[in-house]
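# Topology and contacts: notes
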Amino acid sequence: MIRTLLTASVTVLLLTTAVHGQGASPTPEALHDASQPGVVFVASEDTAQPWVALFTEGFREVVLQAGEAPAVSFEYLDLLRFEVPETADELRQWLRTKYRSTRVDVVVAIGEECLRFLGADGGNPWPDAAVIYVEAGSLSSGVPVLPGSTGLLLEDAFPEALEVVKRVLPGTRQVVLVAGNAAIEEARFGGFGDKVRRAGLEPLVLSSLGLADVLDKVAGLPPDTAIYVLSPIVDGTGRVLPPRRPCELISKAANVPTFVLGHHDFGCGAVGGLMRDWHMAGRLIGRHTLARLDHALPAVIDVPIRDYTTMAFDSRQLTRWGISETRLPEGSEVRFRPPSLWRDYRALSLTVLSVLALQAVLITVLTLERRRRRRAEDDSRRHLVVMAHLDRRAALGQLTTALAHELHQPLAAILRNAEAASMQLTAGQSTREELLEIIGDIRRDDKRAATIIRRLRSLLEKHELETADVDLHDVVLDTVALATADATARGVRIDTDLTAKRRIVTGDRVHLQQVLLNLLLNALDAVAPMRPERRRLVVQSASDDAWVEIRVIDAGPGLPEELAGQMFEPFVTTKGSDKSTGLGLGLSIVRSIVEAHGGRVQARNNERDGATVWFALPHRETEAA
Amino acid sequence: MSTPQDRAVPAIVHLVEDDEPARVATSRFLRASGYDVRTYASAEAFVAATPGAADGCLLLDVSLPGHSGLDLQRELPAWAEGMPVVFLTGRSGIHDAVEAMKAGAVDFLTKTADGEELLAAIATAFARGTEERAVRQRRQVAQERYARLTPREQEVFAHLISGQLNKQVGYDLGISERTVKIHRHQVLEKMEADSVADLVRLAADLGVPPEGTVR
């Protein structure tokens, strides 16, 4: 069948040998210990070919790292590009001379040409050495088989590679083969067209064109075509092409996907697929070389595809040609992925993502929680508004008598003034000034009555919580005015002791008034039964940079010890059961209102008589009175 | 109804009212009505004052800061003792009214009562004041005379005003009729009375109860 035309037809020769004739008596030429086995690695091409370099590298890795490493020499014949028969003879002669005093046990021959080289008449520079060679499938006809040699015959990977092409590009009908034009290349790749045909595809071989023409050609191929770039070394115009370069240029110019045979070309722009891996092959040969140094090997060893091929794909090309990774054969390696956080830092990405997700969940939960709480707060605020309203009505109910009295004052004054004026006019004894004064007083008292009514009404109205700037001293004065009538009726005096500076708080005026009113009414209840000199309340203000405090100080009996700390709880009352007025909600509403304003309310007994109840609110920037 | 103009000396109304506008208006009205008015802002201010004449009436606001009007009524200073009181209130508290009337107030008016009502109440107060003054004066005279009697004479006095004859008095006290006659003469002399009927009137002023029974 087709001869060896794998990219690197490789032949390994291995000679088991005693050292040659003169080896018995060491001469000055023998540079190394004759007891150490020697291996010569012979390649038909030059080291610049990537596949040769890979081969060498794989081989070295294995052989030189063996326990008792042999001495290894490398010879690159570079026969491919120089087809001048005489040079071979001269080279053989030269090698014979070079190795005449060196022990060589095994010759590793890479490439069929090496076998020809070694097998020529009288030519073998290492006639006593065992030969290990590598070849695809079988040797070409006319290649001499050296006695005692071992051939590693590589199973042909190309048919399998074509199947892979058909699998990833199911519509493929034609395969373009871009091969080199050198004789050795023709020998290697001549049978490839048939292999394509046997795979059920139409081959088109481009070997006689210059690279520029090839590039033109591949740019306008029918869509159901795939290109195999067979690592051309010399193009149709006789130009020597640098390795890899043809693949790069063709892949770039082509309008259809390109493939390569060898893994060493992978990354040039080809899609990938099943590729021969010369590094693997080098290691394989290395292992057999070591084995041959130890014992004899059969004449032929079949090497299955999987032992020297790699299934790999270029992610960029898959993307370029729209090939889904799901179509790739199992076990394929996908390389050259675009940098991806996910792929390169999966653990880190996972961690970060988990943290983000956790955070998101947390934020969501907190937001929901906050919304729920706000709803609850809204509810409780609504309840507070209702409760506060009821409480105000109760408080004002308590005040009604006193307030009626207070309303009586201006009304009575108006009446008396009117009567006085009337009398003076009747008697004709009044002066104009006196009458004007009386009328002025009447007007003033009328306004006073109106103020009392307004004050009452604002507290009686059902009132939503509003937020505005409130002068706390105004609140105090207004509320004290409201409570004074009741206080007076019960013989209690209310004094105010306010700081010179006015304090502005943010809040709801009516509710703040209610707070103080509650505290005042409680204090009134506390002192009303006392002796006259103790029937006195003081409303005091104090403040620092942040807080303003309003205190209601009484001289009553003080707070019962057992109520300490729970006075502001609902249904706790300081009032005896004889008075049914104390439902015990007043102070809890006070606390709710104060806390809704960001403040706090507290109570304690005075050092001497009575108790002090105070509330503190955060105030805004101070404004001079 | 007597008017202030009927009197020789202007009648003084002592007005205790904490609300300044009401105080001014009320005093203005009373002055226009012919009264002399003294004003006080609190019970304490009234107690602290020392007006020259006790003749007057007290117009008192029930609701006062500190001592209330009712407190003041109960604890009038010595110089104002027996002064008739008219209460003014801003509300119609029946409890306060009852208490005030029990304690001898002349009247209990709402502040918004008619001026005429107010003047009538004040007039009544003055009338009662005059009356009480007269009673007090008589009692004082009687007490001065009564104080001159010896204890035995006071005993005889008590029996005489019960309407007993000399003989019965002598029997009750265990003395002779003749001795009773001597005591009776002394009593009539010291009490500056012309007859037993005069003694009975004086006894009423004094509040001395009769003793013994008429058989």
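We now turn to the structure provided with this report. What you see is a predicted model; the values in this text were computed from it and never measured. (Residues numbered from 1 in each chain as written. Chains lettered and ligands numbered in written order. Predicted model: local features only at pLDDT ≥ 70, side-chain atom pairs only at ≥ 80, totals over all residues. Heavy atoms only, no water.)

This next bit is on the overall build of chain A. Secondary structure assignment for chain A yields 16 helices and 20 strands. Scored against the burial criterion, the 625 residues of chain A give a buried share of 49%. Intrachain contacts of chain A at a sequence separation of at least 6 include 76% that bridge at least 24 residues. (Helix = DSSP H or I, 4+ residues; strand = E, 2+ residues; numbered from the N terminus. Buried < 20%, exposed > 50% of the residue type's maximum accessible area, 1.4 Å probe, protein only. Contact = heavy atoms within 4.5 Å.)

Now for the packing of aromatic side chains. Between two aromatic rings, the relevant description is the distance of the centres plus the angle of the planes. Tallied over the entire structure, the rule returns 18 aromatic pairs over all chains. With 4.8 Å between their ring centres and 45° between their planes, F41(A) and F59(A) make a pair best called tilted. Taken together, the residues F41(A) in strand β1 (residues 38–43) and F59(A) in helix α1 (residues 50–63) connect sequence positions 18 residues apart. You'll find F41(A) and F59(A) in the same group, each marked buried. Ring centres of F189(A) and F192(A) lie 5.3 Å apart, and the angle between their planes is 90°; on these two criteria the pair is classed as edge-to-face. By relative accessible area, which is 8% here, F189(A) ends up buried. It is R416(A) that lies over the ring of F29(B); its NZ or CZ is 5.6 Å from the centre. Between the NZ or CZ atom of R600(A) and the centre of the ring of W547(A), over which it lies, the distance is 4.5 Å. (Phe/Tyr/Trp six-rings, centres within 6.5 Å; stacked < 30°, edge-to-face > 60°. Lys NZ or Arg CZ within 6 Å of the ring centre and 35° of its normal.)

Our focus in this paragraph is the interface of chain B and chain A. On the side of chain A, 28 residues touch chain B, which itself brings 29 residues to the contact. When chain B packs against chain A, the two sides together hide about 2300 Å² of surface, and 57% of this comes from carbon and sulfur. Summed over the shared surface of chain B and chain A, the result is four salt bridges. Here D71(B) makes a salt bridge to R535(A), at a shortest N to O gap of 4.0 Å. Our count for the chain B to chain A interface comes out at nine residue pairs in polar contact (both at pLDDT 80 or more). At the level of elements, α1 (20–32) and α5 (115–148) of chain B are the ones that each hand at least two residues to the side of chain B that touches chain A. With eight residues, α1(B) is the largest single contributor of residues to the side of chain B that touches chain A. Per-class residue counts for the side of chain B that touches chain A are eleven nonpolar, nine polar and nine charged. (Buried area = accessible area lost by both parts, 1.4 Å probe. Salt bridge = Lys/Arg side-chain N within 4 Å of Asp/Glu carboxyl O. Polar contact = N/O pair within 3.5 Å; in protein donor to acceptor, adjacent residues only side chain to side chain. Nonpolar A, V, L, I, M, F, W, Y, C, P; charged D, E, K, R; others polar.)

Another aspect to go through is the state of the cysteines. All names here are of chain A. Counted under the stated rule, the structure contains one disulfide over all chains. A disulfide bridge connects C247 with C268, and the sulfur atoms are separated by 1.8 Å. Of this pair, C247 sits in helix α8 (residues 245–253) while C268 sits in the loop between β9 (258–260) and β10 (272–276); the two residues are 21 residues apart in sequence, bridging distant segments of the chain. On the basis of relative accessible area, C247 is assigned to the buried category, the value being 2%. (Disulfide = S-S within 2.5 Å.)

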